[in-house]
Amino acid sequence: MSKHKIVKSLAVGTFMLTFGFSYSQKKPKVVLDNFFNNEKKENKETKEIESWHYTWNDKTNGGFSLLGEIFIKQGASISSLKNAPTQADLKNADIYIIVDADIDKEAFEGKANLIDPTTIKNVVKWVKAGGVLVLLSNDHGNSEFEHFNQLAGEFGIHFNDDSYNRVQGKEFEQGAVHVREGNEVFSAQKLYMKEVSSITVKEPAKTLLSAEGKNIAAIAKFGKGTVFALGDPWCYNEYTDGKKLPADFTNFQGAEEFVKWLIKQSK
């Protein structure tokens with residue numbers, strides 16, 4: 001090998017070591033649902049109606065802009081899906097995230113888009129072939145459960161339409177979730193998850209996190225794919241930006257570990 005080729009090879013090797021991927025590796029594609037979670041409001045400046053609440057573009061407390069930045073930093077591309085997922089849509093996704101499925105009072109024009117049998121068939125087929133599905137619910141009165149559970153149930157997961165880790169005012173410790181050593185997704189740390197639905201699991205799912213003695217998260221291997229479920233949209237801006245929570249809560253670190261784990265499952 002010539003000196004020129006050796007230098008070129010070393011340079012490419014350095015790039016791979018520094019950034020963790022090479023030009024030949026594809027970017028993981030992360031698709032965030034914006035159909036079953038379809039909350040909208042008027043932009044005060046432009047007067048246009050726009051999506052908000054658990055969306056990539058929302059930089060307010062309830063947005064996922066910081067989570068999106070973490071995905072991008074880890075080499076992924078992010079996009080939103082404004083319709084029920086077709087098989088063609090899912091072919092363009094490595095990771096598909098559904099968060100806080102709407103109830104009618106939250107939905108645009110007062111009518112929620114509900115998960116239907118076609119969606120379930122498409123998603124199950126996609127996960128079985130290797131897709132990574134993320135299901136983040138909310139607690140009782142703040143999320144749709146019946147149809148959401150019809151999808152989750154395909155993977156041995158059931159959200160219980162209840163509410164734990166209820167926090168009074170600024171008593172943040174009431175929302176603490178202590179992660180033990182050996183957790184498959186997170187390192188041992190202290191996460192904040194407020195007003196969380198508990199989860200019942202059966203095969204192939206297994207429990208992942210607990211609060212107040214109740215299981216609140218699960219993972220499942222299904223065919224070649226993976227499902228992650230948690231009873232709270234816990235990694236939104238308000239609790240990852242470091243401005244509100246006491247310093248011993250580690251939601252930003254937890255979100256980084258969560259993203260890295262999801263991307264690893266997609267490969």
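Computed from a predicted model, the values in this text were never measured in an experiment.

What counts, and at which threshold
- Residues numbered from 1 in each chain as written.
- Predicted model: local features only at pLDDT ≥ 70, side-chain atom pairs only at ≥ 80, totals over all residues.
- Heavy atoms only, no water.
- Core = buried A, V, L, I, M, F, W, Y, C linked by side-chain atoms within 4.5 Å.
- Buried < 20%, exposed > 50% of the residue type's maximum accessible area, 1.4 Å probe, protein only.
- Helix = DSSP H or I, 4+ residues; strand = E, 2+ residues; numbered from the N terminus.
- Contact = heavy atoms within 4.5 Å.
- Axes fitted to C-alpha atoms, helices over the stretch in contact; angles between N-to-C directions.
- Parallel < 35°, antiparallel > 145°, perpendicular 65-115°, else oblique.
- Left-handed = near helix turned anticlockwise from the far one by under 90°.
- Phe/Tyr/Trp six-rings, centres within 6.5 Å; stacked < 30°, edge-to-face > 60°.
- Lys NZ or Arg CZ within 6 Å of the ring centre and 35° of its normal.
- Pairing = 2+ DSSP bridges.
- Salt bridge = Lys/Arg side-chain N within 4 Å of Asp/Glu carboxyl O.

A. Structural context of the nonpolar core. By size, the foremost hydrophobic cluster in this structure holds 46 residues, and its most contacted members are Phe-64, Phe-71, Phe-186, Leu-209 and Phe-228. Broken down by element, the residue count for this core peaks at 6 residues, all from helix α6 (residues 251-265). When sequence neighbours within four positions are dropped, the list of residues in contact with Phe-186 reads Val-179, Leu-191, Leu-208, Leu-209, Phe-228, Trp-234, Gly-254, Glu-257 and Phe-258.

B. The packing of helix α2 (residues 65-73) against α6, seen in detail. Relative to each other, α2 and α6 sit at 50 degrees, their axes nearing to 10 Å. What the angle tells us is that α2 and α6 run oblique. Remark: the crossing between α2 and α6 carries right-handed chirality. Contacts between α2 and α6 involve Leu-67, Ile-70, Phe-71 and Lys-73 from the first element and Phe-252, Ala-255, Glu-256, Val-259, Leu-262 and Ile-263 from the second.

C. The arrangement of the packing of aromatic side chains in detail. Counted under the stated rule, the structure contains 15 aromatic pairs. Pairwise contacts between aromatic rings join Tyr-54, Phe-64, Phe-172, Tyr-192, Tyr-236, Tyr-239 and Phe-249 into one cluster. Just above the ring of Phe-249 sits the side chain of Lys-190; from NZ or CZ to the centre is 4.5 Å.

D. Structural detail: the sheet that holds strand β5 (residues 95-99). Across the sheet, which stays open at both edges, the 7 strands sit in the order β4-β1-β5-β6-β13-β12-β11 with mixed pairing between neighbours. Edge positions in the sheet fall to β4 (77-81) and β11 (205-211), since each of these pairs with one other strand and no more. Each strand axis lies, on average, 20 degrees off the axis of its neighbour in the sheet, ignoring direction. Sheet strands in contact with α6 are β5, β6 (132-136), β12 (214-222) and β13 (225-230), and its direction is about 155 degrees off that of β13.

E. Local environment of the environment of Lys-224. By the secondary structure assignment, Lys-224 is in the loop between β12 and β13. Among the residues examined, Lys-224 registers a relative accessible area of 70% and is labelled exposed. C-alpha separation for the pair Lys-224 and Asp-248, spaced 24 residues apart in sequence, amounts to 37 Å. When residues no more than four places from it in sequence are discounted, the contact partners of Lys-224 are Val-127, Lys-128, Ala-129 and Gly-130.

F. Representation of the pattern of salt bridges within the structure. Inspection of the entire model under this criterion finds 7 salt bridges. We note a salt bridge from Lys-26 to Asp-94, for which the minimum N-O separation is 2.8 Å. In this pair, Lys-26 is assigned in the loop between α1 (3-19) and β1 (29-33) and Asp-94 in the loop between α3 (87-91) and β5, connecting sequence segments 68 residues apart. For Lys-26, a relative accessible area of 61% corresponds to the exposed category. Classification of Asp-94 by relative accessible area gives buried; the value is 11%. Between Lys-190 and Glu-173 there is a salt bridge; the shortest N-O distance is 2.7 Å. You can see Lys-190 sitting in strand β9 (residues 190-192) and its partner Glu-173 sitting in the loop between β7 (157-159) and β8 (176-178), a full 17 residues away along the chain.

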